[in-house]
Amino acid sequence: MAALAAASSASPPASPGFVHGLGGGLLETAQTAGGMTLLLVRVVSRLVRLQFDRQELMRNLYKMGVKSIPIVIVTSLFTGGIMVIQAAPIVKRYAAQGLLGWAAGFGTLREIGPLLTALMLSGRVGANNTAELGTMVVTEQIDALRALAIDPISFLVTPRVIAFVTTLFLATLYADALALFGAAYAGYGLLDVEPRVFYNGLTSGLLTLSDVGVGLVKSVVFGVVMSLASCHFGLTVQGGAPGVGRAVNATVVASAASIFILDYFVSFSL
Amino acid sequence: MISFRNVKKSFGPKAVLKGVSFDVNDGEVFFIIGASGVGKSVLIKHLIGLLYPDDGEIFLDGEEVSRFDEERMYPVRKKCAMVFQHSTLFDSMSCVENVMLPLKKHKGMTDKEARDDALKRLKQVHMREFADRFPSELGDGMRKRVAIARALTLDPTYVLFDEPTTSLDPVSARRVDHLIRELSDTVGVTSIVVSHDLVSIFSIADRIVMLYQGQVKMLGTRDEFRSTPDPIIQQFINGRAEGPMET
């Protein structure tokens, strides 16, 4: 027995690497989800009491919304064109020019418009949010705000969340229109489909306002999650400048992953 | 009056404050000195709820404030302003906007009223002509003066200065000293100053407390510090590399 015990104690213990890593990852995910939920509760409590800084809101709307217009224009126009290029072989084969408007519209309004706009803004606005808030944390500017008896959630976070959601909603609407415009003229250039025919395909009754609505609901859901993620990772930065870099990276990854996961669930439920 | 009673604070396994107790009287310029990392800044951050003690109590005008939540802490912070070591001006705002912010938030001033008031306050710290510059365009000393102007906007009864003269040139440092002394003498502001600057300490302090190894080593006046035979205190106030002091 003693020899058996000795042999058993002499054998190397099972490596804790995988289990340790899995547990650590789950804990980290739970911590992030919990942190974002708490932040959401705090933001909603300020929103209900209208406790947010109007000037910060305007500044963020300008920074996030107005400054994003050029990139939204370029990507949306080309996205519409790409939709037509992909549809061109089938349209030609079945001479289904009349369905081009419906095909481009269905994909753009329900899926491509909100998805690509959210991904673009996650890189441009979300990363910027995290970097700005993270830098304020490491340089003690958040503590300075608190020391001045100013609530950082009312002053910094709530205006950013409102501005982010508003920007993404409006940018999606704008991107939808531009992508369809791009698709119509790409259809005219590549398939000789008159814009009038494209427009008739859009409005023939196969597409309804609910298709636009689904895309806009997605944009709001994406906006809430992305803004909370960017603010959460920014406010929880630790470790100076490298910490800010890690937080920005975490925001971009978490936002992109959330967009696809949420897209699946919203598409499934609507 | 401010009272610290047996305040303890640890960060992980490292115990920084091991039971610190002392009182700060109204209207005095009170210095907290000690080696780097001894917990001086940590201690003053407890007073306005930027950190919470593991144990002990902190009284501000007779009220125990160390367990206040964030919302209850706001009146304490209005009464008790803080100037941070690295000024911590808001990068996205100009100097005058930094000073205007608390005026608009807490005094209900319009933009114009707040700007006029902020410009007056910047003039008092000789920063009027740099009002529309951004913090990144200014040197350390100038930023610190703007930070002092911002901290004083709410007319606090107490001001906490965290190393106000560190990284300043000697002239700017003495100007800051003069300002701290003047606040106490003319307005009756109580100043708690965390500092290593021996010139400041021995020119404007009413009383001094020295922290050593997480506890109060000595509390007294400038003369009492100069005359004490304690070798650790003598080593510190004379800035000697050799001696019994463990850092």
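Our subject is the structure that appears above.
Notes on the structure follow.

The rules we used
Position labels on residues start from 1 in each chain and follow its written sequence. The lettering of chains begins at A and the numbering of ligands begins at 1, in the order of writing. Note on the predicted model: pLDDT of at least 70 is required for a residue's local features to be given, and 80 or more for side-chain atom pairs to be given and counted; whole-chain, interface and lining totals, by contrast, use all residues. Under the scheme used here, helices are H or I runs from DSSP no shorter than 4 residues and strands are E runs no shorter than 2 residues, and both carry numbers assigned from the N terminus. As defined in this context, the radius of gyration uses C-alpha atoms, and a globule is described by 2.2 Å times the residue total to the power 0.38. Three classes are used. A residue is buried when 20 or more other C-beta atoms lie within 10 Å of its own, exposed when 12 or fewer do, and partly exposed in between, with C-beta atoms placed from the backbone. Residue pairs qualify as contacts under a 7 Å threshold applied to their C-beta atoms, which are placed from the backbone. We treat two strands as partners when DSSP finds at least two bridges between them. Whenever a helix is involved, its axis is fitted only over the stretch in contact; in every case the axis is a line through C-alpha atoms, and angles between N-to-C directions fall within 0 to 180 degrees. Any angle that falls under 35 degrees is termed roughly parallel, while one over 145 is termed roughly antiparallel, one within 65 to 115 roughly perpendicular, and all others oblique. Gly is put with the polar residues, along with every residue not named as nonpolar or charged; the nonpolar set is Ala, Val, Leu, Ile, Met, Phe, Trp, Tyr, Cys and Pro, and the charged set is Asp, Glu, Lys and Arg. Crossings are classed by handedness, with left-handed meaning an anticlockwise turn of the near helix from the far one by less than a right angle and right-handed meaning a clockwise turn. Assignment of crossover handedness uses the view with strands pointing away from the viewer, where a clockwise path from the first strand over the helix to the second indicates a right-handed crossover.

Further remarks concern the overall build of chain B. Along its length, chain B carries nine helices and 10 strands. By the compact-globule yardstick of 18 Å for 247 residues, chain B fits well, its C-alpha radius of gyration being 18 Å. Split into buried and exposed, the 247 residues of chain B put 42% on the buried side. Pairs at least 24 residues apart make up 63% of the contacts formed inside chain B by residues separated by at least 6 positions.

Bringing the sheet that holds strand β2 (residues 14-24) of chain B into the picture now. Residue and element names in this part refer to chain B. One open sheet accounts for four strands, arranged β2-β1-β4-β5; its pairing is antiparallel. Each edge of the open sheet carries a strand with a single partner, namely β2 and β5 (63-64). Two elements, strand β1 (residues 2-11) and strand β4 (residues 55-60), share five bridges in a ladder whose sense is antiparallel. Across the sheet, Ser3 pairs through a bridge with Phe59, a residue of β4.

Residues and elements named next belong to chain A. Running from amino to carboxyl end, helix α2 (residues 17-48) crosses helix α9 (residues 209-235) at an angle of 110°, the nearest separation of the two axes being 9 Å. The orientation of α2 with respect to α9, classified from their angle, is roughly perpendicular. Taken together, the residues of α9 that come into contact with α2 (itself represented by Thr32, Gly35, Met36, Leu39 and Leu40) are Leu228, Ala229, Cys231 and His232. Tallied by class, residues from the contact of α2 with α9 come to six nonpolar, three polar and no charged.

What follows concerns the pairing of β1(B). All names here are of chain B. In this sheet, β2 lies alongside β1 in antiparallel orientation, the contact comprising eight bridges. Residue pairing in the sheet places Val7 in a bridge with Val20 of β2. If you look at the hairpin formed by β1 and β2, you'll find two residues sitting between the two strands, and Gly12 has a positive phi there, around 65°.

In a beta sheet, neighbouring strands pair by backbone hydrogen bonds and run either parallel or antiparallel. Residue and element names in this part refer to chain B. Read across the open sheet, the six strands follow the order β6-β7-β8-β3-β9-β10; overall the sheet is mixed. For this open sheet the edge positions go to β6 (80-83) and β10 (215-220), each flanked by a neighbour on one side alone. Strand-to-strand twist in this sheet, taken as the mean axis angle between neighbours without regard to direction, amounts to 15°. Along the sheet face, helix α6 (residues 170-187) touches β3 (29-33), β7 (158-162) and β8 (190-194) and points at about 155° away from the line of β8.

The relative placement of two packed helices comes down to the angle between their axes together with the axis-to-axis distance. Residues and elements named next belong to chain A. Interaxial distance between helix α5 (residues 100-138) and helix α7 (residues 152-191) falls to 7 Å at its minimum, and their mutual angle equals 140°. In terms of crossing hand, the pair formed by α5 and α7 is right-handed. Counted by class, the contact of α5 with α7 contains 18 nonpolar, eight polar and two charged residues.

With 10 residues of chain A at the interface, the matching set in chain B holds 13 residues. Among the residues making up the side of chain A that touches chain B, the classes are represented as five nonpolar, two polar and three charged.

All names here are of chain B. Among the five residues of β8, five are classified as buried, and the element is accordingly described as predominantly covered. By the alternation rule, side chains of β8 split into Thr190, Ile192 and Val194 and Ser191 and Val193, which are all buried. Sheet topology note: the β3/β8 ladder contains four bridges and is parallel. By the bridge assignment, Phe31 is partnered in β8 with Val193. Note: β7 against β8, five bridges, orientation parallel. Across the sheet, residue Phe161 finds its bridge partner in β8, namely Val193. In this region the chain leaves β7, passes through α6 and returns to the parallel neighbour β8; the handedness of that crossover is right-handed.

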